[in-house]
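Each chain is listed here by its residues.
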Amino acid sequence: MSKVIKKLSILFAIVLSGTISVQAQKSPQDMNRFIDALMKKMTVDEKIGQLNLPVTGDITTGQAKSSDIAGKIKRGEVGGLFNLKGVEKIRDVQKLAVENSRLGIPLLFGMDVIHGYETIFPIPLGLSCTWDMKAIEESARIAAVEASADGISWTFSPMVDISRDPRWGRVSEGSGEDPFLGSLIARAMVNGYQGKEPSSQLKRNDEIMACVKHFALYGAGEGGRDYNTVDMSRQRMYNEYFPPFEAAIEAGVGSVMASFNEVDGVPATANKWLMTDVLRGQWGFGGFVVTDYTGISEMIDHGIGDLQTVSARAINAGVDMDMVSDGFVSTLKKSIQEGKVSMMTLNTACRRILEAKYKLGLFDDPYKYCDPKRPARDIFTRSHRDAARRIASESFVLLKNDNQTLPLKATGTIAVIGPLADTRTNMPGTWSVAAVLDRSPSLIEGLREMVGRMDEMPLNQPNEPWYIPLMENGADINLLYAKGSNLISDAAYEERATMFGRSLNRDNRTDAELLKEAIATANKADVIVAALGESSEMSGESSSRTNLDLPDVQQTLLKALVATGKPVVLVLFTGRPLVLNWEQANVPAILNVWFGGSEAAYAIGDVLFGRVNPSGKLTMSFPQNVGQIPLYYAHKNTGRPLHDGKWFEKFRSNYLDVTNEPLYPFGFGLSYTTFAYSDISLSQTSMNMQGVLTASVNVTNTGAFPGGEVVQLYIRDLVGSTTRPVKELKGFERIYLQPGQTRTVTFKIAPEMLKFYNYDLQYVVEPGDFSIMIGPNSRDVQTVSIRLIDS
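Residues numbered from 1 in each chain as written. Predicted model: local features only at pLDDT ≥ 70, side-chain atom pairs only at ≥ 80, totals over all residues. Heavy atoms only, no water.

1. A word on helix H16 (residues 382–395)
Working note: α-helix, 3.6 residues per turn, so residues spaced by three or four point in the same direction. The cut-off we apply is this: Helix and strand definitions follow DSSP, with helices as H or I runs of at least four residues and strands as E runs of at least two, each counted in order from the N terminus. To estimate how far a helix should reach, multiply one less than its number of residues by 1.5 Å. Only protein chains enter the accessibility calculation, which uses a 1.4 Å probe. A residue is then buried if its area is under 20% of the maximum for its type, exposed if over 50%, and partly exposed in between.
In this model H16 runs 20 Å from its N-terminal to its C-terminal C-alpha over 14 residues, within 8% of the 20 Å that 1.5 Å per residue would give. Here H16 lies mainly inside the structure; 11 of its 14 residues are buried. Looking only at H16, the buried set comprises His 384, Arg 385, Ala 387, Ala 388, Arg 389, Arg 390, Ile 391, Ala 392, Ser 393, Glu 394 and Ser 395.

2. Quick word on the environment of Tyr 632
Definition in use: Any pair of N or O atoms that falls within 3.5 Å is considered a polar contact. Within protein, one atom must be able to donate a hydrogen and the other to accept it, and sequence-neighbouring residues count only if both atoms are side-chain atoms.
Relative to the helices and strands, Tyr 632 resides in the loop between helix H22 (600–608) and strand S19 (675–677). For Tyr 632, a relative accessible area of 16% puts it in the buried group. Separated by 455 residues in the primary sequence, Tyr 632 and Glu 177 have C-alpha atoms spaced 6.8 Å apart. A polar atom in the side chain of Tyr 632 sits 2.7 Å from the side chain of Arg 236.

3. Considerations on the side chain of Asp 178
The following threshold applies: Charged residues are defined here as Lys and Arg on the positive side and Asp and Glu on the negative side; His and the ends of the chain fall outside this count. Salt bridge criterion: a side-chain nitrogen from Lys or Arg within 4 Å of a carboxyl oxygen from Asp or Glu. Should any heavy atoms of two residues lie within 4.5 Å, those residues are counted as being in contact.
Note that Asp 178 resides in the loop between strand S6 (154–155) and helix H7 (179–194). Despite being buried, Asp 178 has no salt bridge partner; Arg 164 is the closest side chain of opposite charge, sitting 5.8 Å away. Polar side-chain contacts of Asp 178 include one of 2.5 Å to the side chain of Tyr 633. Once you skip the residues sitting within four places of it in the chain, Asp 178 turns out to touch Ile 162, Tyr 633, Phe 666 and Leu 729.

4. Regarding the domain arrangement of the protein
When the parts of a complex come together, some accessible area is lost, and that lost area is often used as the size of the interface. Counted only if it meets this: Here the limits of each domain have been adopted from an automatic or database domain assignment. When two components associate, each loses some accessible surface as probed by a 1.4 Å sphere; the sum of these losses over both components is called the buried area.
According to the domain assignment, the protein consists of domain 1 (60–67 + 110–335), domain 2 (388–623), domain 3 (625–660) and domain 4 (673–789). Contact with domain 4 buries surface across domain 1, with Trp 131, Phe 180 and Gln 235 losing the most and accounting together for 52% of the total. Contributing elements (two or more residues each) for the side of domain 1 that touches domain 4: H7 and helix H8 (234–241). It is H8 that contributes the most residues to the side of domain 1 that touches domain 4, four residues altogether.

5. Description of the sheet that holds strand S8 (residues 255–258)
Here is the rule: Note on pairing: two strands pair once DSSP finds at least 2 bridges between them. Every angle, taken between N-to-C directions, lies between 0 and 180 degrees, and every axis is a line fitted to C-alpha atoms, over only the stretch in contact when it is a helix.
On the basis of which strands lie adjacent, the open sheet formed by three strands has the order S7-S8-S11 and parallel pairing. Looking at which strands have only one partner, the edges of the open sheet turn out to be strand S7 (211–215) and strand S11 (288–290). Taken pair by pair, the neighbouring strands of this sheet meet at an average axis angle of 30°, ignoring direction. Where S7 meets S8, three bridges bridge the pair, whose relative direction is parallel. Of the residues in S8, the one forming a bridge with Phe 215 is Ala 258.

6. Observations concerning the packing of aromatic side chains
Rules: Working definition: rings of Phe, Tyr and Trp (its six-membered ring) pair if their centres are within 6.5 Å, and the pair is stacked with planes under 30 degrees apart, edge-to-face with planes over 60 apart, and tilted otherwise.
Inspection of every chain in the model, using the stated rule, returns 27 aromatic pairs. With centroids separated by 5.0 Å and ring planes inclined at 80°, the aromatic side chains of Trp 168 and Tyr 218 adopt a geometry described as edge-to-face. Within this pair, whereas Trp 168 is found in the loop between S6 and H7, its partner Tyr 218 is found in the loop between S7 and H8, the two being separated by 50 residues in sequence. Overall, Trp 168 belongs to the buried group, its relative accessible area being 2%. Judged by its relative accessible area of 2%, Tyr 218 is buried.

7. Things to note about the side chain of Ser 157
Tracing the backbone shows Ser 157 in the loop between S6 and H7. When near neighbours in sequence (up to four residues on either side) are disregarded, Ser 157 contacts Val 113, Ile 114, Met 189, Tyr 193, Ala 210, Cys 211 and Val 212.

8. Here's the deal with the nonpolar core
Heads up, the condition is: In plain words, nonpolar cores are sets of buried Ala, Val, Leu, Ile, Met, Phe, Trp, Tyr and Cys residues tied together by side-chain atoms within 4.5 Å.
Of all hydrophobic cores here, the largest spans 130 residues; its most connected members are Trp 154, Phe 215 and Phe 242. Ranked by the residues each element gives to this core, the list is headed by helix H6 (residues 133–149), at eight residues. Sequence-distant contacts of Phe 242, that is, excluding residues within four places in its chain, are made with Phe 215, Ala 216, Leu 217, Met 237, Trp 273, Leu 274, Val 278 and Trp 283. Of all hydrophobic cores here, the second largest spans 82 residues; its members include Ala 525, Leu 572, Ala 589 and Phe 622.

9. Describing the pattern of salt bridges
Applying the stated criterion across every chain, the model contains 45 salt bridges. Two residues, Glu 118 and Arg 439, come together in a salt bridge whose shortest N-O distance is 2.7 Å. Of this pair, Glu 118 sits in the loop between strand S5 (108–111) and helix H5 (124–128) while Arg 439 sits in the loop between strand S14 (411–417) and helix H17 (443–452), placing them 321 residues apart in sequence. We note a salt bridge from Arg 170 to Glu 173, for which the minimum N-O separation is 2.7 Å. Glu 173 shares its class with Arg 170; the two are buried. Linked by salt bridges that have partners in common, Lys 85, Glu 118, Asp 150 and Arg 439 make up one network.

10. What to know about empty space enclosed by the protein
One water molecule sets the probe size; rolling that probe over the atoms shows where empty space is left. What counts here: Grid points spaced at 1 Å and placed over the protein atoms alone form the basis of the search, with a cavity being a set where a 1.4 Å probe fits but cannot get out and a pocket an open set showing protein on both sides within 12 Å along at least five of seven lines. Lining residues have an atom within 4 Å of a point. Grid points are joined across faces, edges and corners, and a volume is the space filled by probe spheres set on the points. Basically, the charged four are Asp, Glu, Lys and Arg, the nonpolar ten are Ala, Val, Leu, Ile, Met, Phe, Trp, Tyr, Cys and Pro, and anything else, Gly included, counts as polar.
Under the criterion given, the structure shown has five cavities of 30 Å³ or more. Roughly 100 Å³ of volume is contained in the largest cavity. Class assignment for the residues of the lining of the largest cavity results in seven nonpolar, three polar and two charged. For the second largest cavity, the calculated volume is near 90 Å³. Residue lining of the second largest cavity: Ile 114, Pro 124, Leu 127, Ile 136, Ser 157, Pro 158, Met 159, Glu 173, Ser 175, Ile 185 and Met 189, and that is the complete set.

11. So, the layout of surface pockets
Size it by volume and the largest pocket reaches roughly 1,200 Å³. In terms of lining, the largest pocket is formed by 36 residues, of which the most central are His 635, Asn 637, Asn 660, Glu 661 and Val 726. Looking at the lining of the largest pocket residue by residue, the classes come out as 15 nonpolar, 14 polar and seven charged. Shared between two domains, the lining of the largest pocket holds at least three residues of each, these being domain 3 (625–660) and domain 4 (673–789).

12. What about a nonpolar patch on the surface?
We apply this condition: Distance thresholds for patches are 9 Å for like charges and 5 Å for nonpolar side chains (Val, Leu, Ile, Met, Phe, Trp, Tyr), applied to residues having over 30% relative accessible area and no salt bridge. Here the Shrake-Rupley method, with its probe set to 1.4 Å, supplies the accessible areas, and only the displayed protein chains count as covering residues.
A surface patch of nonpolar side chains, amounting to about 360 Å² of accessible area, comprises Trp 647, Phe 648 and Leu 656. With respect to the secondary-structure elements, Phe 648 resides in the loop between H22 and S19. On the basis of relative accessibility, which here comes to 36%, the residue Phe 648 falls in the partly exposed class.

13. Describing unusual backbone geometry
The peptide bond linking Leu 406 to Pro 407 adopts the cis configuration, its omega dihedral lying at 0°. Structurally, Pro 407 can be placed in the loop between strand S13 (397–401) and S14. In this structure, Gln 404 is a non-glycine residue whose phi angle is positive, near 50°. When you line up the elements, Gln 404 lands in the loop between S13 and S14.

If you want it as structure tokens, here you go:
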């Protein structure tokens, strides 16, 4: 990847009598002079205070001056706050810092704005399944507009951890298993939050600073258990887990968050090789590093020292800000006095925080993000919700559709059954901390509203090719509802899975009574929509699972619904890949809707009723069972691989009970139409180190409906100085075709695309033979060969 050229356009500022003012926009040297002057006035305690990031949610408007945190702010012991919601509250606290502390240094206000602020978009794993960088950037742009309107200047997003283990609940927050796709998404998210020129000062008051996380390797925890140990080769780090972080750095991300796990036996928060040698030395990162929540104090349990020791190790490693642990504010002064931390190290960390505030424009206008008129104008607007609905429908993945069960017909009776059919609070998905949970309609509520006003809904949206006229106006649909089952038979488990206000209001009737009602309802219908899967908090942080099947009572319900003989559509809510062997074999249609956000109910209706043709593609492989995990398409061969077309061969790398293959491969997703691919056409079969060749394929819509397809390019390096994956995603293009339409999709292939980190961690391209593969997913590809010549 080429390094971005950092460009700084900043405001000239001076310090007069301890009061900060800004005069004019000038050069980067002016920022340095301003911060030099400010730091000369700062005491050691005030410098350490800039490195302190406490959490607060208990300050109400008008009460900031009497809160516990207020005293710390007045004394200059706080650099920022996070998860304080509301522009009036934030203005109140900012006023305290600017007008009541000795130097008047403004605060940063951060929040976990992960997939939207109050307008919630699909969970990040769902967003990634759009393969649509414009849509992903748009979601971050809207999130920045809304968060900034409410006083937030900093978001702890994007999360770019690569993970190949769906037992880990936080796969819901990431972009799946592939570093190439993950890198593009990282860049799009940073651009959405920070603007198109994020390395310069964020001049607009609707752009906020992003924080890429979690650096690094967090998604590879042993056993899929959150916060767990990670151990891998550095070659794997560079080739598979580092690329999305480097992409975010190149995009100009303002901050980086350290991960909880260890790297090479040293917790990331104290790992100097990671935070200084790689992040700053190799990648040239100029922003600041913040810990994760209590990341410093947690290193005591890792076993590398007491609070003073681990705090010193963190700042010496290159960490600049302490989230919640109070390790820096309580121990750093002593460590400096004892010579364990140098003043130069403290000054460097303090300067990075001050530079971030300067670039955000907070020294120019501390109340830049505190306009009380903006929330009503910019938050949860109609246009934002329309975008959320469109993008949600683009994220859904059609996993199965036998006998054209979908789209649903415009007449007849539909039974909507399942514990996830009538829950508003679970629709936004995990990590939607700013959402007004009860404001999102449940699935049944959204469908009833849509059916009730079907005549009012336009069939086509101009310039929106994903909207298609499959359904006639004047629909005559009768909707029925039954809960059918609780989420899980175990009440205690259900309580753990519905925290943070996401309760499903457990039904006290017996499982048999709930099932009886569901079957009676189903028998009155022409088709059944089964709303099943995970609750929103069954995935996310600290939500690891060892069993990835549908919960027990839901399986019983689904089997009973299928046994009625009525067509069944499984609308699957999930934050991770699940094990769906029985469902794939027995349920006619399966639509994976992830957790689609504020407008999820309407977006699901758009797809079910055929107003939108689904085009989502999986970004994580779905296993046949948990025994296959970790499972990912870009694996390497063993010395004893299975021969093509074989399930089992003795003394080969395979299982006795299942094939090596996933149930649904990376890149997989069906449509209401069908697509045919021609053979691959190469412009030439070889190139030199300065050359470029093209690989083209004709794609034809062979079905009856307009639809979107993601054409995917994979490459395999057949012989390398170190072993190489069986295939790697290297390109893709989203296309939209009318029935019968053909489009030629062409990929340029250059030596730069063939580079990798070798044994010595040199980024190289090696001459030799390569396989070029193009298809609709990672499994169903056509293959041709090319040769790279060393000349």
